[in-house]
Amino acid sequence: MNFIDEAYLEIKAGDGGSGASSLRREKYIPFGGPDGGDGGKGGDIYFKVNTNLNTLIDFQNKKLFNAKNGQRGAGKNKFGAAGDDLIIEIPLGTVIYDDLTDEELIDCNEKSGEYLIAKGGDGGLGNAKFKSSTNQAPRKCTPGFEGEKRSIRLELKSLADVGLVGFPNAGKSTFLNKVSSAKPKIGDYPFTTLRPHLGTIKGAESSYVIADIPGLIEGASDGAGLGIKFLKHISRTGLLLIFVDLFPSEDLDPVKQINLLTNELDSFKDNLTQKVSWIICNKIDLIQEDEIAMIRKEIETKLSKPAKDIFFISAATGEGTIELLKSLETEVIGNKEDLA
Ligand SMILES: Nc1nc2c(ncn2[C@@H]2O[C@H](COP(=O)(O)OP(=O)(O)OP(=O)(O)O)[C@@H](O)[C@H]2O)c(=O)[nH]1
Ligand SMILES: [Mg+2]
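Here we summarise the structure given alongside this text. Since the structure is predicted, the reported quantities are computational estimates derived from the model, not experimental observations.

Parameters at a glance
Residues numbered from 1 in each chain as written. Chains lettered and ligands numbered in written order. Predicted model: local features only at pLDDT ≥ 70, side-chain atom pairs only at ≥ 80, totals over all residues. Heavy atoms only, no water. Helix = DSSP H or I, 4+ residues; strand = E, 2+ residues; numbered from the N terminus. Buried < 20%, exposed > 50% of the residue type's maximum accessible area, 1.4 Å probe, protein only. Contact = heavy atoms within 4.5 Å. Near = heavy atom within 4 Å. Polar contact = N/O pair within 3.5 Å; in protein donor to acceptor, adjacent residues only side chain to side chain. Nonpolar A, V, L, I, M, F, W, Y, C, P; charged D, E, K, R; others polar. Pairing = 2+ DSSP bridges. Axes fitted to C-alpha atoms, helices over the stretch in contact; angles between N-to-C directions. Parallel < 35°, antiparallel > 145°, perpendicular 65-115°, else oblique. Left-handed = near helix turned anticlockwise from the far one by under 90°.

### Remarks on the side chain of Gln257
Along the chain, Gln257 falls in helix H2 (residues 254-267). Note on Gln257: relative accessible area 1%, which makes it buried. In contact with Gln257, not counting residues within four places along its chain, are Phe167, Phe243, Val244, Asp245, Pro248 and Leu252.

### Focus: the site of ligand 1
Within the structure, ligand 1 sits among 24 residues, and Lys172, Ser173, Thr174, Phe191 and Thr193 are positioned closest to it. Ala315 places a polar main-chain atom, nitrogen or oxygen, 3.0 Å from an oxygen atom of ligand 1. Tallying contributions element by element places helix H1 (residues 172-179) first for the shell around ligand 1, with three residues. In the shell around ligand 1, the residues fall into ten nonpolar, ten polar and four charged.

### Examining the sheet that holds strand E13 (residues 276-282)
One open sheet holds the six strands; their spatial order is E10-E11-E9-E12-E13-E14, and the pairing between them is mixed. With one partner strand each, in any of the chains shown, strand E10 (197-202) and strand E14 (309-313) form the two edges of the open sheet. Adjacent strand axes in the sheet meet at a mean angle of 25° when their direction is disregarded. Bridge analysis of strand E12 (residues 239-245) against E13 gives seven bridges, and the strand direction is parallel. Considered in E13, the bridge of Val244 is made with Cys281. Its contacts with the sheet put H1 on strand E9 (162-166), E10, strand E11 (207-212), E12 and E14, and the angle it makes with E11 is roughly 155°.

### Digging into the packing of H2 against helix H3 (residues 289-302)
In contact at an axis separation of 9 Å, H2 and H3 are set at 40° when each is read in the N-to-C sense. Taken as axis vectors, H2 and H3 run oblique relative to one another. For the crossing formed where H2 meets H3, the hand is right-handed. Side by side, H2 and H3 meet where Pro254, Val255, Ile258 and Asn259 of the first sit next to Ile295, Glu298, Ile299 and Lys302 of the second. Taken together, the residues of the contact of H2 with H3 break down into five nonpolar, one polar and two charged.

Next comes the structure, spelled out in structure tokens:
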């Protein structure tokens, strides 16, 4: 499944209706008092989590959202009706930012969460409210207040269980293609994957979700390549798979690749290096069997941060992937139980 992970919206809560200025006119009452009612409150705008949604695709074309204005007050002390609230449904895990200041406003991470994002303006006061001992027939009334207006950005942090990281061309997408029904594009050039993809793996006992994100390169944390922009998508996964290219086009041996990647992960704010990560050495079909033991030894002894586990696979031929998937399922079930 290819998902759209970002959206920009302009939202505007309803304005309050204006208060009315009116003097009571009835038979036999020549000087009726003021009876202008207040205006109605403008509608609020809420974001509501809908767990059936998993993309922000619905927002790509619709960028403007307005809640209804409150109605004006009227004579005979009639209050204006309040404007209806607007409820916008979003996927679980959506984070809302103020697009102008980049401040994080709301993290919509509760399953039945409903979050107020823009408040409707209060209605204005009718002239009945201005009656006093010195002014029995005021004409004054006030306009309604404006509803809050905001430019916001939505970002979806995917709720995948497992995240794939690695240099471009390491074979992350090939792996996801092989083991799930997701079909991210594969290419023998860097940055084939431009957006995150999610794939569901049906294990023996449960299913879980793997997120494939664009490749990282050295300096990603300073904006090189596609940058670390997409790392947020794996900031909530319990487990990272660090993909190592055993047949890289550049002179990057496995230990170097892992150390560089770990450095980039370190520079990302969400403590990605605190996560459990496994090393996945890919493309064993392209190297000699006796090299594997040597590489394993190197990784075990030379990493700046020791790896929890090391796997050798070929995403292309499928060799080693079944063992990896078995271990993944066990780990993911364990992580889910820890969370429960
Ligand atoms: N021989 C061999 N080639 C592989 C293997 N895995 C991937 N490849 C090839 O390596 C190239 C890159 O594969 P991708 O899956 O697109 O790599 P990626 O890590 O997703 O790359 P980006 O999306 O650019 O980050 C493609 O030409 C694949 O066919 C493997 O196990 N063996
Ligand atoms: Mg890819």
